[in-house]
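Residue-level structure breakdown
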Amino acid sequence: MDTVFIRGLEIATLIGIAEWERQVKQTVVINLELATDILPAAAGDDLRDALDYSAVSRRLREFVGASTFQLVETLAERTAQMILDEFPVRRLRLELAKPRPHSGGHTVGLIIERGAPGREDDHGVR
């Protein structure tokens, strides 16, 4: 299986449980690895056969930007499910980071992996 990645995608959204977090959009940073088969796209050099990472990025901006979840766990889970439902992706690894500039400059976040684990891919490799 091949991996298409998107790194450092910054999106402003409402996220958090503190009162001030419910009033002001904060930036989250998404890193995403998407398991897909690139051979059809590579063979035909045709975007119609590829996982369109621009379309994935646009959808992420739309979905995450409109969300109002309190927990990063909920945002990550719902985002992962949306990608698996809407794009030709078998597995994904999503890292969602929430920079905290008002708390000493550290970043918090999580990494989740979702999809069909351990399946043999289209190239006959496990």
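Structure's up top.
Conventions used here
Residues numbered from 1 in each chain as written. Predicted model: local features only at pLDDT ≥ 70, side-chain atom pairs only at ≥ 80, totals over all residues. Heavy atoms only, no water. Buried < 20%, exposed > 50% of the residue type's maximum accessible area, 1.4 Å probe, protein only. Helix = DSSP H or I, 4+ residues; strand = E, 2+ residues; numbered from the N terminus. Pairing = 2+ DSSP bridges. Salt bridge = Lys/Arg side-chain N within 4 Å of Asp/Glu carboxyl O. Axes fitted to C-alpha atoms, helices over the stretch in contact; angles between N-to-C directions. Contact = heavy atoms within 4.5 Å. Phe/Tyr/Trp six-rings, centres within 6.5 Å; stacked < 30°, edge-to-face > 60°. Lys NZ or Arg CZ within 6 Å of the ring centre and 35° of its normal. Parallel < 35°, antiparallel > 145°, perpendicular 65-115°, else oblique. Left-handed = near helix turned anticlockwise from the far one by under 90°.

With eight of its eleven residues buried, strand β2 (residues 26–36) lies for the most part within the structure. Of the pairings in the sheet, the one linking strand β1 (residues 2–13) to β2 comprises ten bridges and is antiparallel in character. Across the sheet, the residue bridging to threonine 3 is alanine 35, located in β2. Of the pairings in the sheet, the one linking β2 to strand β3 (residues 91–100) comprises seven bridges and is antiparallel in character. Residue asparagine 31 lies in a different strand from β3, and its bridge partner there is glutamate 95.

The next point concerns the pattern of salt bridges. Scanning the model with the defined rule gives six salt bridges in all. Between aspartate 46 and arginine 48 there is a salt bridge whose closest N-O contact spans 2.5 Å. Three or more residues are tied together by salt bridges with common partners; here these are Arg59, Glu62 and Glu86.

Okay, the sheet that holds β2 next. If you walk across this open sheet you meet the four strands as β1-β2-β3-β4, and the pairing is antiparallel. Among the strands making up the open sheet, the edge pair consists of β1 and β4 (106–115). Looking at each pair of strands side by side, their axes are set apart by 15° on average, direction ignored. In the packing of helix α2 (residues 53–66) onto the sheet, contacts are made with β1 and β2, and the angle to β1 comes to roughly 30°. Sitting on the sheet, helix α3 (residues 72–86) is in contact with β2, β3 and β4, with an inclination near 145° to β3.

Scanning all chains against the criterion turns up zero aromatic pairs. Geometry around phenylalanine 5 places arginine 7 over its ring, the cationic atom sitting 3.8 Å from the centre.

Within the secondary structure, threonine 79 is located in helix α3. In contact with threonine 79, other than residues within four places in its own chain, are Leu60, Phe63, Val64 and Leu94.

Exposure remark for threonine 79: the relative accessible area of 0% places this residue in the buried category. Through-space distance from the C-alpha of threonine 79 to that of phenylalanine 63 is 7.5 Å; in sequence the pair is 16 residues apart.

Before going further, it helps to spend a moment on unusual backbone geometry. A negative phi holds for most residues other than glycine; trans holds for most peptide bonds. Its identity as a non-glycine residue notwithstanding, aspartate 45 has a phi of 50°, on the positive side. With respect to the helices and strands, aspartate 45 occurs in the loop between α1 (39–44) and α2. Given the relative accessible area of 75%, aspartate 45 is considered exposed.

What follows concerns the packing of α2 against α3. Interaxial distance between α2 and α3 falls to 11 Å at its minimum, and their mutual angle equals 140°. Comparing their axes, α3 and α2 come out oblique. By crossing handedness, the relation of α2 to α3 is classed as right-handed. Taken together, the residues of α3 that come into contact with α2 (itself represented by Arg59, Leu60, Phe63 and Val64) are Leu75, Arg78, Thr79, Met82, Ile83 and Glu86.

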